[in-house]
Amino acid sequence: AQSVTQLDSHVSVSEGTPVLLRCNYSSSYSPSLFWYVQHPNKGLQLLLKYTSAATLVKGINGFEAEFKKSETSFHLTKPSAHMSDAAEYFCVVSDRWSGNTGKLIFGQGTTLQVKP
Amino acid sequence: NAGVTQTPKFRILKIGQSMTLQCTQDMNHNYMYWYRQDPGMGLKLIYYSVGAGITDKGEVPNGYNVSRSTTEDFPLRLELAAPSQTSVYFCASLRGKTNEKLFFGSGTQLSVL
């Protein structure tokens, strides 16, 4: 069975400083991993996804994430935070070839606060 | 394309009442999902379906039922509403096994009083 743990419920950074949102996963099979963002009172938007191609994945709005199998991690980073990045971020895992694929499990979310 | 359409957007139920949350998608997606989002708890998978006639339980299925008689529709049924089911419910769909982007509905805010 797959699971995902977001290690920080709340992260606060200053505008212009780097962002690191941490995610660890557990999966019996080769996983697909995603990061989604949810702005207040808006729907969820896909930032990026990993599906066994390059381990460093680039997404929208300057975000990227690195898949590290040895550490079972998929941390989200951005070199320089903008005020508009303030939102809730979700790490998501799916077993790609488990025969029961399609079961997408969300982490509990990390609230990113960006201070001026 | 309308994408994923959820109705209603808001609903207040009394304890013990029943209701059905409707979800329909016009993208011919095979995979459909129901999630609930509680404050600070992220999204929890209630039920999902990999195609018409096939449904399976997610992480928190108790108190809910689903059906998938067509590719387009995936309704979620609450039979005996309880305060613990107060939440925001999201329906989502995905085209297939390559795990491309999830398309979300706009959500249903449900309160059980």
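Look up a bit, the structure's there.
Here the structure is a predicted model, which is why all the values come from computation and not from measurement.

1. Comments concerning the state of the cysteines
Residues and elements named next belong to chain A.
Here is step 1: One pass over the full model with this rule turns up 2 disulfides over all chains.
Here is step 2: One disulfide in the model links cysteine 23 with cysteine 91; its S-S distance is 2.0 Å. Taking the torsion about the S-S bond as the criterion, the cysteine 23 to cysteine 91 disulfide, at about -70 degrees, is left-handed. Of this pair, cysteine 23 sits in strand S4 (residues 23–26) while cysteine 91 sits in strand S10 (residues 87–95), placing them 68 residues apart in sequence.

2. Here we look at the sheet that holds strand S7 (residues 64–66) of chain B
All names here are of chain B.
Here is step 1: Taking strand neighbours across the sheet as the criterion, the 4 strands line up as S1-S3-S8-S7 in an open arrangement whose pairing is antiparallel. Each having just a single partner strand, strand S1 (4–7) and S7 make up the two edges of the open sheet. The average angle at which neighbouring strand axes cross in this sheet is 20 degrees, direction not considered.
Here is step 2: Pairing of S7 with strand S8 (residues 76–78), which is carried by 3 bridges, proceeds in the antiparallel orientation. Among the inter-strand pairings, valine 66 is bridged to a residue of S8, identified as leucine 76.

3. Brief notes about the pairing of strand S9 (residues 87–94) of chain B
All names here are of chain B.
Here is step 1: Within S9, 7 of the 8 residues are buried, which leaves the element mostly enclosed by the surrounding structure.
Here is step 2: Strand direction decides the pairing type here: strand S4 (residues 31–38) and S9, joined by 7 bridges, are antiparallel. Along S9, the bridge assignment pairs tyrosine 35 with phenylalanine 90.
Here is step 3: Where S9 meets strand S11 (residues 108–112), 3 bridges bridge the pair, whose relative direction is antiparallel.

4. Looking at unusual backbone geometry
Here is step 1: Put simply, Thr7(B) and Pro8(B) share a cis peptide bond, and its omega is -10 degrees.
Here is step 2: Along the chain, the position of Pro8(B) falls in the loop between S1 and strand S2 (10–13).
Here is step 3: The backbone of Asn61(A) shows a phi angle near 60 degrees, a positive value even though the residue is not glycine.
Here is step 4: In this fold, Asn61(A) is placed in the loop between strand S7 (56–58) and strand S8 (64–68).
Here is step 5: One non-glycine residue with positive phi stands out, namely Asn28(B), at about 60 degrees.
Here is step 6: Among the structural elements, Asn28(B) can be located in the loop between strand S3 (19–25) and S4.

5. Details of the interface of chain B and chain A
You'll often see interface size given as the accessible area lost when the parts meet.
Here is step 1: Counting residues at the interface gives 24 residues for chain B, matched by 21 residues for chain A.
Here is step 2: For the pair chain B and chain A, the two sides together bury roughly 1,800 Å², of which 60% comes from carbon and sulfur.
Here is step 3: Remark: the boundary between chain B and chain A carries 0 salt bridges.
Here is step 4: The interface formed by chain B and chain A holds 4 residue pairs in polar contact (both at pLDDT 80 or more) in total.
Here is step 5: Listing elements by their share of the side of chain B that touches chain A, those giving two or more residues are S4, strand S5 (42–51), strand S6 (54–57) and S9 of chain B.
Here is step 6: Looking at the side of chain B that touches chain A element by element, the count peaks at 5 residues for S5(B).
Here is step 7: Considered class by class, the residues forming the side of chain B that touches chain A number 12 nonpolar, 6 polar and 6 charged.

Conventions adopted
Residues numbered from 1 in each chain as written. Chains lettered and ligands numbered in written order. Predicted model: local features only at pLDDT ≥ 70, side-chain atom pairs only at ≥ 80, totals over all residues. Heavy atoms only, no water. Disulfide = S-S within 2.5 Å. Helix = DSSP H or I, 4+ residues; strand = E, 2+ residues; numbered from the N terminus. Pairing = 2+ DSSP bridges. Axes fitted to C-alpha atoms, helices over the stretch in contact; angles between N-to-C directions. Buried < 20%, exposed > 50% of the residue type's maximum accessible area, 1.4 Å probe, protein only. Contact = heavy atoms within 4.5 Å. Buried area = accessible area lost by both parts, 1.4 Å probe. Salt bridge = Lys/Arg side-chain N within 4 Å of Asp/Glu carboxyl O. Polar contact = N/O pair within 3.5 Å; in protein donor to acceptor, adjacent residues only side chain to side chain. Nonpolar A, V, L, I, M, F, W, Y, C, P; charged D, E, K, R; others polar.

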